[in-house]
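Examination of the molecular architecture
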Amino acid sequence: MKPEAPAYLGLDIGGQTVKGLRLEADGRISLRTVRPTPASKSAAAVLDAAREVVEELLGPGPAAALGAGTPGAVDAAGRIAGEAVNIPGWRGTELGEALAGFARAPARVRNDGNLAAYAEWAARGGRAKALLFVGLGTGIGGGFVEDGRILPGIDDRAVEIGHLIVHYGGRPCACGRSGCVETYASGPSIGKIAAELALKPEWGGSDLAQALRSPGIRADARAVYKAFAKGDELARAVHRIAAEALARAIASALALLAPDTVVLGGGVLAGAGALVEEVAALVPSYVYATACEGCRYERALLGPEAGLLGAALYGASFRLERPGFLELSRAALGQ
Ligand SMILES: [Zn+2]
C-alpha cells in the first residue's frame, strides 16, 4: 500500500556504517536499514553504500526531502570540507549533490553531532531553549541548538567539544594535541584508563582490576560501568576521572554558550547514567556561579539513534511550516 504523502529520509553516514530511516508524513518510522561501509572505506565506497540505503528507503514510495549527518566539517552546499580520520578521500566529496540525485529530492547535510543536538532539542517539544548536546561514543561530539537553530560556525564545525583541552600536557589525542576531554571520557578512553590503573598495586582488591589483568580481556566502558554498578573501587575512580574531565569541558561551554539544558548522550551513556549526576555536581567548581544558574542536566531521550532521527527531521524542517513540523516531530519522537 502506498503512503498518502511523500516521506522524509534520514541518513547517518559514518566510517563504519551508513544507517537510514524513512519517516512517513504522519510521523511513523516505516523503515530502518543499515549497510556496513566496505573495508576499503574510500569515499566512493561510502557513497555506494549510501546509494543502496537510499534506494531501499525509496522502496515504499518517493521522498519529499532527505537529511544526512556525517562526521567533521561540511559546508552549506553539502560538500565535505574537512578530513575524516576514518574515510580516506572524504574531503571535497559533493555529498549533498550526490544524495539529492539518489533520492530525487532536496538533500541537506550537516555535522552528525549537530543533528543529534537538533533531535534532542526537538524531543523536548520547546521545553529547552538553548540546548548543548554532548555525545559520548568512540569519540566525543556535540552540538548546540537555540530556538530550533543549529549553531554552525564555519562549515558546521562549531561545538567540537571533545577536543577542549582539560589537562595541559595530558593524554595524547587522535587530533594531534594532548589533554582533550575525549581522551578521558570517550568509550575507548574509559576502557584504556581502567586497563592502565588495573596494573597498579593499589587496586589489588578490585574485581574489575583482577578481571582486566587476565590476558585476552578487553577493557571497555561497558565493563567499567558494570563494575561501577556493583560498587567496584577501580570503576569508581575511572568514573570520577571521566566525570571530572567532562565537567571541566562543559563548564567552559557554559561560559561561552549559556545553555539552559545540557544533554549527555551517545553509546557510553547506555550504562553510564551516573555520569549525568556526577558531572552536574562537579561543573560549578570550574566556572563562575552565574554561568551555572538556570542550567539543568539531562540524559539523552533518544539514545544512539538521535543523529539519524535528527537528520530526517532536519530534512523535513525545510519542507514544512512550523505547525506541521511540530506535529511531525511529536509523532516521530513519541511525545
Ligand atoms: Zn583532541
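Residues numbered from 1 in each chain as written. Predicted model: local features only at pLDDT ≥ 70, side-chain atom pairs only at ≥ 80, totals over all residues.

Here's the deal with helix H2 (residues 95-103)
- If you check which residues of H2 are buried, you get Leu95, Gly96, Leu99, Phe102 and Ala103. In an axial view of H2, the angular spread of the buried residues amounts to 125°, which keeps them on one side of the axis.
- Residues of H2 that are buried in the fold lie against strand E1 (7-13), helix H1 (43-57), strand E4 (63-70) and strand E5 (107-111).
- Looking one or two places after H2, you find Arg104, whose phi comes out positive at around 50°. (Buried ≥ 20, exposed ≤ 12 C-beta atoms within 10 Å, placed from the backbone. Helix = DSSP H or I, 4+ residues; strand = E, 2+ residues; numbered from the N terminus. Arc of directions from axis to C-beta. Contact = placed C-beta atoms within 7 Å.)

Concerning the domain arrangement of the protein chain
- Domain assignment breaks the protein chain into domain 1 (7-120 + 304-332) and domain 2 (126-299).
- Here the C-alpha centre of domain 2 lies 27 Å away from the C-alpha centre of domain 1.
- The interface of domain 1 with domain 2 comprises 17 residues on the first partner and 18 residues on the second.
- Counting residues per element, the ones that place at least two in the side of domain 1 that touches domain 2 are E5 and helix H3 (112-123).
- Residue contributions to the side of domain 1 that touches domain 2 peak at seven residues, all from H3.
- Among the residues making up the side of domain 1 that touches domain 2, the classes are represented as nine nonpolar, four polar and four charged. (Domains from an automatic or database assignment. Nonpolar A, V, L, I, M, F, W, Y, C, P; charged D, E, K, R; others polar.)

What to know about helix H11 (residues 306-317)
- Here H11 is twelve residues long and its end C-alpha atoms lie 16 Å apart, about the 16 Å a rise of 1.5 Å per residue gives.
- Taking burial as the measure, the twelve residues of H11 include twelve buried ones, the bulk of the element.
- Along H11, the positions that sit buried rather than exposed are Ala306, Gly307, Leu308, Leu309, Gly310, Ala311, Ala312, Leu313, Tyr314, Gly315, Ala316 and Ser317. (Expected span 1.5 Å × (residues − 1).)

Considerations on the environment of Ala289
- Structurally, the position occupied by Ala289 is in helix H10 (residues 289-292).
- Since 7 C-beta atoms lie within 10 Å of it, Ala289 is described here as exposed.
- Residues Ala289 and Ala255, 34 residues apart in the sequence, show an inter-C-alpha distance of 10.0 Å.

Topic: unusual backbone geometry
- Although it is not a glycine, Val159 adopts a positive phi angle of roughly 60°.
- Residue class for Val159 comes out buried when judged on the 26 C-beta atoms lying within 10 Å of it.
- Phi angles above zero are rare outside glycine, and Ala258 is one such case at about 50°.
- Considering the arrangement of structural elements, one finds Ala258 in the loop between helix H8 (233-257) and strand E9 (261-265).
- Given 16 C-beta atoms within a 10 Å radius, Ala258 is considered partly exposed.

Quick notes on the nonpolar core
- Counting 110 residues, the largest nonpolar core has Leu99, Val181, Ala194, Val224, Leu246 and Ile250 as its most contacted members.
- Sort the elements by how many residues they give to this core and H8 lands first, with 13 residues.
- Each residue touching Leu99, except ones within four places of it in the same chain, is listed here: Leu11, Ala50, Val54, Leu66, Ala68, Ala107 and Val109. (Core = buried A, V, L, I, M, F, W, Y, C linked by C-beta atoms within 7 Å.)

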